[in-house]
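Coordinate analysis (summary)
The primary structure of each chain is shown beneath.
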Amino acid sequence: MIPEYLISFNTKDLKKEKVDFLIVGGGLSGLVVAYELRDFNTLLIFKNGKEGSCSYNAQGGIAVAINEGDTPYLHKKDTLEVGYYLNDENAVDILVNEGIERIKEVINMGFSFDKKDGEFHFAKEGGHSKNRILHSNGDAIGKSITDFYFKKILESNIKILDNYFLIDLISVEDKITGAIVLDETKNEIFLIQARGYILSTGGAGMVFQETTNPSYITGDGIAIAFRRNAEIIDIEFYQFHPTTLYIAGAPRFLISESVRGEGGILRNVNGDRFMIDYHPSGELAPRDVVSRAIIDQMKKTNSNCVYLDLTHLKKEYIKERFPQIYNFCKKYGIEPSKNLIPVRPAAHFLNGGIKTDIWGRTNIENLFACGECACTGVHGANRLASNSLLECLVFGKRVGIKLKEENLKLIDIDFKYSFHKKMDVLIDKEDLRRSIRSLMWRNVGIERDQESLKYAFEKLNEWKKYAFWKEFYDRIGFETLNMLIVANLITQSALIRKESRGTHYRKDYPIQNDQDWKKHIILSKNGVEIK
Ligand code: SIN
């Protein structure tokens, strides 16, 4: 049984801070909301430094239909095709059309994208019918654009608190009335009260053993929202990025899809090019197709990786176009213009999440969500490459606009909670995290079936039986319980969906079944809804 809250507390005893808006998460969507709410008493908290978000680490770029010969219609068409038509079409229309306005806005604010001969350079990535990826500092769009917004925010009155971890939101009758926050530096718990609460906490890559995500991405916002009875939708659709560096001891560093867009070739351990056997677009097929093809090749050749071949590209070109990737590979003794880069897939992006409307509103009053933890339905069953930072710009702005319009009131309450039946059980948090990650990778990964999913579901439920009787007092403990909740939701949803679609591939149901399954699975504390 999942506890209502992760700790015992009495709001009367806690130090309090009152603000207009509380934003949790320092990735691009949170920063965009904060910037939009800069004229209010807005507080932005995050747990892990500005470098700790997935946005900061993004490499490829931002997709936008402004190149010659491109149109929002074509961008929409590609987004729907790659999303296997499970997308919310209205959300996609907003993304591709307002995306153009947001890109123009950010350029007018002073942000610069890379140019070639004085014109924007548009890169190509998987699933795109046109070259439409704007990039910055080669392969460093994430760092460039989050630094840009941080600078803007630091120049405003917005208050930023780093090393602050949201333990739980408090709700009374499905209204959020406060946030219980841990100040990790002082090891102090306090209460923040706001008129509106915005979750922009990112995905949950850390529930899988292999992930491109930084180590803090533990699904906190999704687990917190679930505890508050928010609806969680499409969570079985976890995208696996095909190409992350695979060297023993090195992090699963992303080797951007734009590397394949600039001519990178995938070869198996025997040196054979294989992608063309799987999809007419070859290396630039949608990500789900490339990831499964790599797994297939690894099985067929009995090897634990495939290789990305850039040896036909000039060293100076690779260095200039992909400086981060070049330097990272070099540190591990790989010179990309001479050596093949060992790669394999890793968990990358959560397509589903906290269900929101097109303004970021959840089913809980005062609670908004945006970015990867949220799901407007824009991505469907698989996200088109480089649509995620665009999503942050578009839907982050919308959340800010809506919060300014809505006349939300701060609700002052006294609230007391005693942690449900406590048990003094010793738990090695690191071991539990490792176990969750390994279980998920082996059983709920790129390929799943009834047997593997059922096994994972039962194991997770066994672990929940004792882990949830434990009252933790530190971030790692809280994160571990959040991971357990999110892993459980992903597995439950994947068990229910008896078809293959996009990033959800069931070996026992390999066919897409539109008749029965062009539907969404919504999980909440009230149960399961399929519609
Ligand atoms: C990449 O550079 O391949 C990642 C971009 C994305 O996730 O869309």
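Check the entry above for the structure.
Residues numbered from 1 in each chain as written. Predicted model: local features only at pLDDT ≥ 70, side-chain atom pairs only at ≥ 80, totals over all residues. Heavy atoms only, no water.

**Quick word on the sheet that holds strand β24 (residues 521-524)**
Strand order in the open sheet formed by five strands is β22-β20-β15-β24-β25, and the pairing between neighbours is mixed. Looking at strand neighbours, the two that pair on one side only are β22 (374-375) and β25 (527-530), the edges of this open sheet. Inspection of the sheet shows strand β15 (residues 232-233) paired to β24 by two bridges, in the antiparallel sense. Counterpart to isoleucine 233 in the pairing with β24 is isoleucine 522. Taken strand by strand, helix α14 (residues 475-496) contacts β15, β24 and β25, and its axis lies near 140 degrees from that of β24. (Pairing = 2+ DSSP bridges. Helix = DSSP H or I, 4+ residues; strand = E, 2+ residues; numbered from the N terminus. Contact = heavy atoms within 4.5 Å. Axes fitted to C-alpha atoms, helices over the stretch in contact; angles between N-to-C directions.)

**Looking at the site of the ligand**
As a matter of local geometry, the ligand sits amid Gln59, Gly60, His241, Leu254, Ser256, Glu257, Arg287, His348, Arg383, Ala385 and Ser386. Within the side chain of serine 256, an N or O atom sits 2.6 Å from an oxygen atom of the ligand. Notes on the ligand: free accessible area 260 Å², of which the protein chains cover 95%. (Near = heavy atom within 4 Å. Polar contact = N/O pair within 3.5 Å; in protein donor to acceptor, adjacent residues only side chain to side chain. Areas by Shrake-Rupley, 256 points an atom, 1.4 Å probe, with all protein chains shown as cover.)

**Points about unusual backbone geometry**
If you check the backbone angles, aspartate 174 has positive phi at about 60 degrees while not being a glycine. Within the secondary structure, aspartate 174 sits in the loop between β11 (164-172) and β12 (175-183). Residues other than glycine seldom take positive phi values, yet aspartate 234 does so here, at roughly 55 degrees. Here aspartate 234 is to be found in the loop between β15 and β16 (238-245). When its relative accessible area of 1% is taken as the criterion, aspartate 234 is described as buried. (Buried < 20%, exposed > 50% of the residue type's maximum accessible area, 1.4 Å probe, protein only.)

**Some words on empty space enclosed by the protein**
Applying the stated criterion to the full structure yields one cavity of 30 Å³ or more. The volume enclosed by the largest cavity comes to roughly 40 Å³. If you go around the largest cavity, the residues you meet are Phe240, Asp288, Ser291, Arg292, Ile446 and Thr503. When residues of the lining of the largest cavity are assigned to their parent elements, the largest contribution, three residues, is made by helix α8 (residues 287-300). For the lining of the largest cavity, the class distribution of residues is two nonpolar, two polar and two charged. (1 Å grid on protein atoms, 1.4 Å probe; cavity = no way out; pocket = protein on both sides within 12 Å on 5 of 7 lines; lining within 4 Å. Points joined across faces, edges and corners; volume = space filled by probe spheres on them. Nonpolar A, V, L, I, M, F, W, Y, C, P; charged D, E, K, R; others polar.)

**Some points on the pattern of salt bridges**
Applying the stated criterion across every chain, the model contains 52 salt bridges. Between glutamate 257 and arginine 260 there is a salt bridge, with the nearest N and O atoms lying 3.9 Å from each other. Placement of both glutamate 257 and arginine 260 in helix α7 (residues 257-261) is noted, with a separation of three residues, approximately one turn of the helix. For the pair glutamate 257 and arginine 260, a shared accessibility class is recorded, and that class is buried. Here the salt bridges do not stand alone but share partners, grouping Glu36, Glu101, Arg102, Glu105, Lys397 and Lys404 into one network. (Salt bridge = Lys/Arg side-chain N within 4 Å of Asp/Glu carboxyl O.)

**Focus on the side chain of arginine 287**
As for its position among the elements, arginine 287 is in helix α8. A distance of 2.9 Å separates a polar atom in the side chain of arginine 287 from a polar atom in the side chain of glutamine 239. Beyond its immediate stretch of four places on either side in the chain, arginine 287 contacts Glu125, Gln239, Phe240, His241, Pro242, Glu257, His348, Asn382, Arg383, Ala385 and Ser386.

**Here's the deal with the pairing of strand β18 (residues 306-309)**
Bridge count for strand β17 (residues 265-267) against β18 is three bridges, and the pairing is antiparallel. Pairing of leucine 266 across the sheet is with leucine 308, part of β18. Both β18 and strand β19 (residues 341-350) contribute to a ladder of three bridges, which runs antiparallel. Across the sheet, leucine 308 pairs through a bridge with isoleucine 341, a residue of β19.

**Things to note about helix α6 (residues 220-227)**
Residue pairs three or four apart in sequence face the same way in an α-helix, which turns once every 3.6 residues. In terms of residue burial, α6 counts as a mostly covered element, since eight of its eight residues are buried. Here α6 has its buried residues at Asp220, Gly221, Ile222, Ala223, Ile224, Ala225, Phe226 and Arg227. In the segment just after α6, asparagine 229 is the residue with positive phi, at about 80 degrees.

**A word on the packing of helix α12 (residues 429-443) against α14**
Viewed as axis vectors pointing N to C, α12 and α14 meet at an angle of 20 degrees, and their least axial separation amounts to 10 Å. On the basis of the axis angle, α12 is roughly parallel to α14. Crossing of α12 against α14: the hand is left-handed. The segment α12 lies against α14, with Lys429, Glu430, Leu432, Arg433, Ile436, Arg437 and Met440 engaging Ile476, Gly477, Glu479, Thr480, Met483, Leu484, Ala487, Ile490 and Thr491. Its residues placed into classes, the contact of α12 with α14 shows eight nonpolar, three polar and five charged. (Parallel < 35°, antiparallel > 145°, perpendicular 65-115°, else oblique. Left-handed = near helix turned anticlockwise from the far one by under 90°.)

**A few points about the sheet that holds strand β14 (residues 196-199)**
An order of β10-β4-β3-β14-β21 is seen for the five strands of this open sheet, with the pairing classed as parallel. At either end of the open sheet lies a strand with only one pairing partner, and these are β10 (159-162) and β21 (367-369). Taking the axes of each pair of neighbouring strands and ignoring which way they run, one obtains an average angle of 20 degrees across the sheet. Here strand β3 (residues 21-24) pairs with β14 via four bridges, running parallel. Bridge pairing in β14 links isoleucine 23 to isoleucine 198.

**Quick notes on the side chain of serine 500**
Relative to the helices and strands, serine 500 resides in the loop between α14 and α15 (514-517). Residue classification places serine 500 among the buried positions, given a relative accessible area of 6%. Those residues in contact with serine 500 that sit more than four places away from it in its chain are Tyr505, Arg506, Tyr509, Pro510, Ile511 and Gln512.

**A look at the pairing of β19**
Extensive coverage of β19 is indicated by the burial of 10 of its 10 residues. Where β16 meets β19, six bridges bridge the pair, whose relative direction is antiparallel. Across the sheet, the residue bridging to histidine 241 is alanine 346, located in β19.

**Points about the environment of threonine 376**
Relative to the helices and strands, threonine 376 is located in the loop between β22 and α11 (388-405). Between the C-alpha atom of threonine 376 and that of asparagine 351, which follows or precedes it by 25 residues, the distance is 9.5 Å. Within the structure, threonine 376 has its side chain in polar contact with the backbone nitrogen of valine 378 (distance 3.2 Å).

**Structural notes on the environment of leucine 31**
Among the structural elements, leucine 31 can be located in helix α1 (residues 28-36). A sequence separation of 169 residues divides leucine 31 from serine 200, and the C-alpha atoms of the two residues are 9.0 Å apart.

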